[in-house]
Amino acid sequence: MAINVKPVPTLDERINDIRAATAEVINDHILPNENRIWAARWDSANSSPDVHKEASALRRDIQQRVKKAGLWAPHLPEEYGGMGLSFMQQAYMNEVLAYSVGASALFGVVAPNSGNQKILVKYGTDEQKKRWLEPLVAGEMQSGFSMTEPDTPGSDPRSLKTTARKDGNEWVINGHKWFTSNGKRADFLIVMCRTEDPEAPADADGKMTQIIVPTTTSGVNIVRGVPVWGRDSDHCEIIYDNVRVPLSNALGREGSGHQAAQDRLGAGRVFHCMNSIGAMWRSFDLMNERAMTREVHGGPLEEKQFIQGFIAESYMDIQAARLMTIHCAEKMEAGGDPRVDISAIKVFVPEAMHRVVDRAIQVWGAAGVSGDLPLAGYYQGARTLRIADGPDEVHKVLMAKLILRRYHAGETWDFGN
Ligand SMILES: Cc1cc2nc3c(=O)[nH]c(=O)nc-3n(C[C@H](O)[C@H](O)[C@H](O)COP(=O)(O)OP(=O)(O)OC[C@H]3O[C@@H](n4cnc5c(N)ncnc54)[C@H](O)[C@@H]3O)c2cc1C
């Protein structure tokens, strides 16, 4: 089934055109080839050199089409070869892009490189941009973001133990990280370190600095890719053992690492949610397609009330998730305080995605959990999203605190704003 994208009356012409052009590439070139494009990665029994060759030729061909259509790198400013989209334009493009598995990579958006690119654009010096950002954008380099540690809770980033000590004109970094995505392929890592005063209490503010570390630096030990969902992964465990890099590798002002991480996550959460909506959209189409065509117990699935319930509940989940995300994005764009809304979508949207994908899997039966459809991958993705970028509980606690703070100040909540 193709994604059905018509102009949205409230959106400007440019973004409607971008959505239509994105849908065209997805419908005409990606969906018909989806399993072949990613075959070698999804199906290890089907990873002969010929399959690899065909898959990379297909990917290159699609990337060329994307560039020709002016749709390359929606997350980057034009001066770095991107589309120069506004925040809202990018959000509205994302839901279309995410309809097809892995499509964002074919449009030049590859996590964690894309997040690192944005941080380098915002915080990088001219020299850092030349050395790291430009090759990253050109696809000549890979990168990772190394923050989470096995021995400290990632949900409380101020507790991080990895230290960076100044020695002459170098940083000396020591620490133990894991779940550094893309770690094996990365040419450099952006490492979150505790600086200034390594002996300060764990909850002190203003001690975090992000430092660029080339992976070839002596003392960077990539221990392993931590297996995820029963498969090998590139989410790496890394030991930093007296790693020395120049002081000029610090990204942004010393002590601003926590703020930079928040910048990375804030807008990123809206984009992730719009991606989840694209995945739900696809799951919904798949659910309806199967309900209309599968005959069981004397009639099509669509005539069974259980299945009708799945369709209705999924529609409500998707609409609620989408409108909540757009409301949050509009508030961010208007310069309001979006903190409650960001946390709300971070919790609600992956949960909604989990429910929608779960129902689509149920409707498809065994095929639903097979590698022939994107549903099994979506299901794991939705579950993972409830942990990554801040677990659900942390966001709920924050929401309640912020809401109650307003009531304590004698105000009530205004749902219209
Ligand atoms: C596939 C994947 C990719 C990742 N990629 C990266 C990456 O590239 N770079 C990187 O640095 N990290 C990455 N991460 C790590 C991720 O950001 C962390 O897992 C996340 O921040 C949670 O940290 P933690 O695992 O240490 O859980 P913990 O902080 O130990 O939390 C465990 C659980 O405790 C509960 N909890 C926490 N706080 C509270 C509270 N206040 N009240 C009640 N319950 C609470 C929650 O249920 C939570 O799930 C990735 C993770 C995954 C799964």
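Caption draft 1: The overall build of the chain, seen in detail. Assigned secondary structure in the chain consists of 12 helices and 10 strands. Taken over C-alpha atoms, the radius of gyration comes to 22 Å for the chain, in line with the 22 Å a tight globule of 417 residues would show. C-alpha extents for the chain along the principal axes are approximately 80 × 65 × 40 Å. Counting across all 417 residues of the chain, residues that qualify as buried make up 38%. Sequence separation of at least 24 residues holds for 68% of the intrachain contacts in the chain that already meet a minimum separation of 6.

Caption draft 2: Spatial organisation of the site of the ligand. In the neighbourhood of the ligand, 22 residues make up the surrounding shell, with Met147, Pro153, Gly154, Ser155 and Pro391 lying closest. Counting only elements with at least two residues in the shell around the ligand, the list comes to β1 (143-146), β3 (170-181) and α12 (392-408). By residue class, the composition of the shell around the ligand is 11 nonpolar, 9 polar and 2 charged. When residues are assigned to domains, the shell around the ligand turns out to be shared by domain 2 (143-251) and domain 3 (259-408), each giving three or more.

Caption draft 3: Spotlight on helix α3 (residues 49-68). For α3, built from 20 residues, the straight-helix expectation of 28 Å at 1.5 Å per residue is met to within 8% by its first-to-last C-alpha distance of 29 Å. One or two positions beyond α3, positive phi appears at Gly70, with a value near 70 degrees.

Caption draft 4: Just the domain arrangement of the chain, in detail. Domain annotation of the chain identifies domain 1 (13-109), domain 2 (143-251) and domain 3 (259-408). One C-alpha centre belongs to domain 1, the other to domain 3, and the line joining them spans 21 Å. At the junction of the two partners, domain 1 supplies 13 residues and domain 3 supplies 16 residues. Looking at which element gives the most residues to the side of domain 1 that touches domain 3, the answer is helix α4 (residues 87-97), with 8 residues.

Caption draft 5: View of the environment of Ala103. Among the secondary structure elements, Ala103 is positioned in helix α5 (residues 103-106). Separated by 101 residues in sequence, Ala103 and Ala2 place their C-alpha atoms 14 Å apart.

Caption draft 6: Examining unusual backbone geometry more closely. Of the consecutive residues Ala111 and Pro112, the connecting peptide bond is found in the cis state with omega at 0 degrees. Mapped onto the secondary structure, Pro112 falls in the loop between α5 and α6 (113-123). Phi at Asn182 is positive, roughly 70 degrees, even though this residue is not glycine. Among the secondary structure elements, Asn182 is positioned in the loop between β3 and β4 (188-194). Even without a glycine there, the phi angle at Asp389 is positive, about 55 degrees. When you line up the elements, Asp389 lands in the loop between α11 (375-385) and α12. Residue Asp389 is classed as partly exposed on the basis of its C-beta count, with 17 C-beta atoms lying within 10 Å.

Caption draft 7: Quick peek at helix α1 (residues 13-30). Here α1 spans 24 Å end to end across 18 residues, near enough to the 26 Å set by a 1.5 Å rise per residue. Three or more residues of α1 are buried, namely Ile18, Arg19, Thr22, Val25, Ile26 and Ile30. Here the buried residues of α1 occupy an arc of 125 degrees about the axis, which is enough to place them on one side.

Caption draft 8: Structural detail: the environment of Asp241. Relative to the assigned elements, Asp241 resides in strand β7 (residues 235-246). It is 6.9 Å that separates the C-alpha atoms of Asp241 and Ile173, two residues lying 68 residues apart in sequence. Those residues within four positions of Asp241 in sequence are excluded, and the remaining contacts are Asn174, Gly219 and Asn221.

Caption draft 9: Broad picture of the packing of helix α9 (residues 305-333) against helix α10 (residues 339-364). The geometry of α9 relative to α10 is characterised by a closest axis approach of 9 Å and an angle of 155 degrees between their N-to-C directions. What the angle tells us is that α9 and α10 run roughly antiparallel. Regarding α9 and α10, the two cross each other, and that crossing is left-handed. Across the interface between the two elements, Ile307, Phe310, Ser314, Asp317, Ile318, Ala320, Ala321, Met324, Thr325, His327, Cys328 and Lys331 of α9 pack against Asp341, Ile342, Ala344, Ile345, Phe348, Val349, Ala352, Arg355, Val356, Arg359, Gln362 and Val363 of α10. When its residues are assigned to classes, the contact of α9 with α10 shows 15 nonpolar, 4 polar and 5 charged.

Calculation rules
Residues numbered from 1 in each chain as written. Predicted model: local features only at pLDDT ≥ 70, side-chain atom pairs only at ≥ 80, totals over all residues. Helix = DSSP H or I, 4+ residues; strand = E, 2+ residues; numbered from the N terminus. Rg over C-alpha atoms; globule rule 2.2 N^0.38 Å. Buried ≥ 20, exposed ≤ 12 C-beta atoms within 10 Å, placed from the backbone. Contact = placed C-beta atoms within 7 Å. Near = placed C-beta within 6 Å. Nonpolar A, V, L, I, M, F, W, Y, C, P; charged D, E, K, R; others polar. Domains from an automatic or database assignment. Expected span 1.5 Å × (residues − 1). Arc of directions from axis to C-beta. Axes fitted to C-alpha atoms, helices over the stretch in contact; angles between N-to-C directions. Parallel < 35°, antiparallel > 145°, perpendicular 65-115°, else oblique. Left-handed = near helix turned anticlockwise from the far one by under 90°.

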